[in-house]
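# Per-entry structural report
Chain residues, written in single-letter form:
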Amino acid sequence: GLGQRMSTGSKGIARPTIEIENTGERHTIDGVELEFVYVLDTEAPVEIMVWIPQLKAFCTAEDMTHNMHNLQTLRGAKVRNGLLWSKAVDTAIERYGNQVEVSFSTHHWPTWGNERIVDYWEAQRDMYRYLHDQTLHLANRGLTPDEIAEEMKLPASLSSQFNCRGYYGTLSHNVKAQYDLYFGWFNGNPAHLNPLPPSELGAKYVEAIGGADKVLEVAKASYAKGEYRWVATLLDNLVFAEPENKEARQLLADTYTQLGYQAESGPWRNFYLTGARDLFKKDVPYTSQLINDGVLAQMDMGTLLDYCAIQLNGEKAAGKKAVININFTDTKEKVMLMLNNGVLNHRLDSQYEKADLTLEIEKMNFVKLFFGRTDLQTLLKTDKVKTTGNTQAMDVICSAYEPADPNFKIVLP
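Quick caveat, the model's predicted, so the values are computed rather than measured.

Basis of the calculations
- Residues numbered from 1 in each chain as written.
- Predicted model: local features only at pLDDT ≥ 70, side-chain atom pairs only at ≥ 80, totals over all residues.
- Heavy atoms only, no water.
- Helix = DSSP H or I, 4+ residues; strand = E, 2+ residues; numbered from the N terminus.
- Buried < 20%, exposed > 50% of the residue type's maximum accessible area, 1.4 Å probe, protein only.
- Areas by Shrake-Rupley, 256 points an atom, 1.4 Å probe, with all protein chains shown as cover.
- Lys, Arg positive; Asp, Glu negative; His and termini not counted.
- Charge placed at Lys NZ, Arg CZ, Asp CG, Glu CD.
- Polar contact = N/O pair within 3.5 Å; in protein donor to acceptor, adjacent residues only side chain to side chain.
- 1 Å grid on protein atoms, 1.4 Å probe; cavity = no way out; pocket = protein on both sides within 12 Å on 5 of 7 lines; lining within 4 Å.
- Points joined across faces, edges and corners; volume = space filled by probe spheres on them.
- Nonpolar A, V, L, I, M, F, W, Y, C, P; charged D, E, K, R; others polar.
- Axes fitted to C-alpha atoms, helices over the stretch in contact; angles between N-to-C directions.
- Left-handed = near helix turned anticlockwise from the far one by under 90°.
- Contact = heavy atoms within 4.5 Å.
- Pairing = 2+ DSSP bridges.
- Core = buried A, V, L, I, M, F, W, Y, C linked by side-chain atoms within 4.5 Å.
- Salt bridge = Lys/Arg side-chain N within 4 Å of Asp/Glu carboxyl O.
- Phe/Tyr/Trp six-rings, centres within 6.5 Å; stacked < 30°, edge-to-face > 60°.
- Lys NZ or Arg CZ within 6 Å of the ring centre and 35° of its normal.

## A short note on the overall build of the protein chain
Secondary structure summary: the protein chain contains 16 helices and 11 strands in total. Its C-alpha atoms give the protein chain principal-axis dimensions of about 70 × 70 × 40 Å. Here the protein chain holds 413 residues, and 43% of them are scored as buried. When the accessible surface of the protein chain is summed, it comes to about 22700 Å², and 50% of that surface belongs to carbon and sulfur atoms. Where the 42 positive side-chain charges of the protein chain centre and where its 53 negative ones centre are 4 Å apart.

This is the structure we're talking about:
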């Protein structure tokens, strides 16, 4: 894709000092005049591209790169709108196409020369519009996402251009993203409305085919023919039915490896090879951490508390109740936490006079407390918290905390 792996260095978030609100807005920073193009719901929910008039240079952010980008990432993100994306590119063409002499993005190499740049931008614009429009066109003919992905091809005028190739995003998963954007996950076939879970489904498939030995026999013959997509489907069911079947796991690992070798897309290759690794290798610790203290410290209070709320195991929290007032001594914010019905709600700038517990605490000490890196007794001994009321109320909330698993299984139950 765009890189081999996530950075393992330190991360953080810088709070903005200027918020861009409109296309054409100008600011001078360090003597350089910048004109901003404000584009929503393209590569990011809020995206800006930047025109530098003194240099006739245009920063495309990630809305124009030297490949087909993702309209939905395989790693997980909100679906992006190909129509709005194409219109954002056209805005750049309309405003700066007759002036620009260098185009550069935040990941890829620059493009020099007006004619080359405009050709490149137009191809990017038309590619995202084609993915969007033709997905809807074929969906309105009754095709499902999988069928659209197999049928659709970019016109030769686009597919022949390097910057429209699927080295990162792919036509296959991008058209599925556009279908999902408008129609959701359900393709209309009632057989797909409430299917069996993978392990149970796998067991029934294996039984129907005639047992594990028969599945392996068919899979080996298909593997020899190079029918790797079919082999992956067969063995996925067998491995979920019999996760300890070493022969099935080895053949599935070999299959994923072959699919990885054939993948044009970097992320596809990475997923296939990760699947092959997961079938046999021991857990490889994932060291990159996107959410660390540097990030948490800069989150606004509402976002931080929403992030805390999704860390709770709903079943553990069910039946428990607690109301806690928190006075954050460093940020001077007051909030109320409410645990009930298995969910943790909060209200900003609010306190409940009959709360079970009131805490006076710094923001990051609360983070450490919530995520189990310290406890109230330790904080009390070091004068890092003041409490009023029943301290067990905090224990009630913390007892439902369940950390994320950065090494969860992908191809095994």
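## Considerations on the environment of Lys332
By the element assignment, Lys332 lies in the loop between strand 7 (322–328) and strand 8 (333–340). For the pair Lys332 and Asp349, spaced 17 residues apart in the sequence, the C-alpha separation amounts to 9.9 Å. Among the polar contacts listed, one links the side chain of Lys332 to the backbone oxygen of Thr329, at a separation of 2.9 Å.

## What about unusual backbone geometry?
Here Asp41, not a glycine, exhibits a phi torsion of approximately 55 degrees, which is positive. With respect to the helices and strands, the residue Asp41 is situated in the loop between strand 2 (32–40) and strand 3 (46–52). The class for Asp41 is partly exposed, based on a relative accessible area of 40%. For Asn341, which is not a glycine, the phi torsion comes out positive at approximately 55 degrees. Here Asn341 shows up in the loop between strand 8 and strand 9 (343–348). Look at Asn341 and you get exposed, because its relative accessible area is 69%.

## Details of the layout of surface pockets
Considered as a void within the structure, the second largest pocket measures approximately 2100 Å³ in volume. What lines the second largest pocket is a set of 47 residues, among which Ser172, Lys176, Arg229, Trp268 and Tyr272 lie closest to the centre. At the level of secondary structure, the elements contributing two or more residues to the lining of the second largest pocket comprise helix 3 (145–151), helix 5 (171–183), helix 6 (198–209), helix 8 (228–241), helix 9 (246–262) and helix 10 (266–280). When the residues that make up the lining of the second largest pocket are grouped by side-chain class, the tally is 25 nonpolar, 13 polar and 9 charged.

## Focus on the packing of helix 8 against helix 9
Remark: helix 8 packs on helix 9, axes separated minimally by 9 Å, with the N-to-C direction vectors making an angle of 145 degrees. When you trace helix 8 past helix 9, the crossing you get is left-handed. Mapping the contact onto sequence places Tyr228, Arg229, Val231, Ala232, Leu235, Asp236, Leu238 and Val239 in helix 8 and Ala248, Arg249, Leu251, Leu252, Thr255, Tyr256, Gln258, Leu259 and Gln262 in helix 9. Classifying every residue of the contact of helix 8 with helix 9 gives 11 nonpolar, 3 polar and 3 charged.

## Describing the pairing of strand 10 (residues 357–361)
Within strand 10, 4 of the 5 residues are buried, which leaves the element mostly enclosed by the surrounding structure. Relative to strand 11 (residues 385–389), strand 10 runs antiparallel, the two being bridged by 5 bridges. Its bridge partner being in strand 11, Leu359 is matched across the sheet by Thr387.

## Description of the nonpolar core
Within the largest apolar cluster, 36 residues are counted, with the highest numbers of intra-cluster contacts made by Met49, Phe58, Met64, Trp121, Met127, Leu131 and Ile148. Looking at this core, the elements with two or more residues in it are strand 2, strand 3, helix 1 (82–96), helix 2 (114–139), helix 3 and helix 5. Take this core: its biggest share by element is 9 residues, from helix 2. The residues contacting Leu131, other than those within four sequence positions of it, are Met68, Leu71, Met152, Leu171, Asn174, Val175 and Gln178. Leu296, Cys308, Leu357 and Leu376 belong to the second-largest nonpolar core, a separate cluster that totals 35 residues.

## A look at the pattern of salt bridges
The final tally for this structure, using the stated rule, is 15 salt bridges. Taken together, the shared-partner salt bridges in this structure form one network comprising Arg26, Glu33, Glu35 and Arg95.

## Comments concerning the packing of aromatic side chains
Overall, the coordinates contain 17 aromatic pairs when judged by the stated rule. Geometrically, the ring pair formed by Trp268 and Tyr272 is edge-to-face, given 6.5 Å between the ring centres and 80 degrees between the ring planes. Of this pair, Trp268 and Tyr272 are both found in helix 10, 4 residues apart, which corresponds to roughly one turn of the helix. Both rings, one in Phe370 and one in Tyr401, keep their centres 6.2 Å apart while their planes meet at 65 degrees; by these two values the pair is edge-to-face. One end of the pair, Phe370, is in helix 14 (residues 363–370); the other, Tyr401, is in the segment after helix 16 (392–398), and 31 residues separate them in sequence. For the residue pair Phe370 and Tyr401, the accessibility class agrees, reading buried in each case. Site record: aromatic cluster; members linked through ring pairs are Tyr307, Phe328, Phe366, Phe370, Phe371 and Tyr401. Over the ring of Phe280 we find Arg249, and its NZ or CZ is 5.6 Å from the ring centre.

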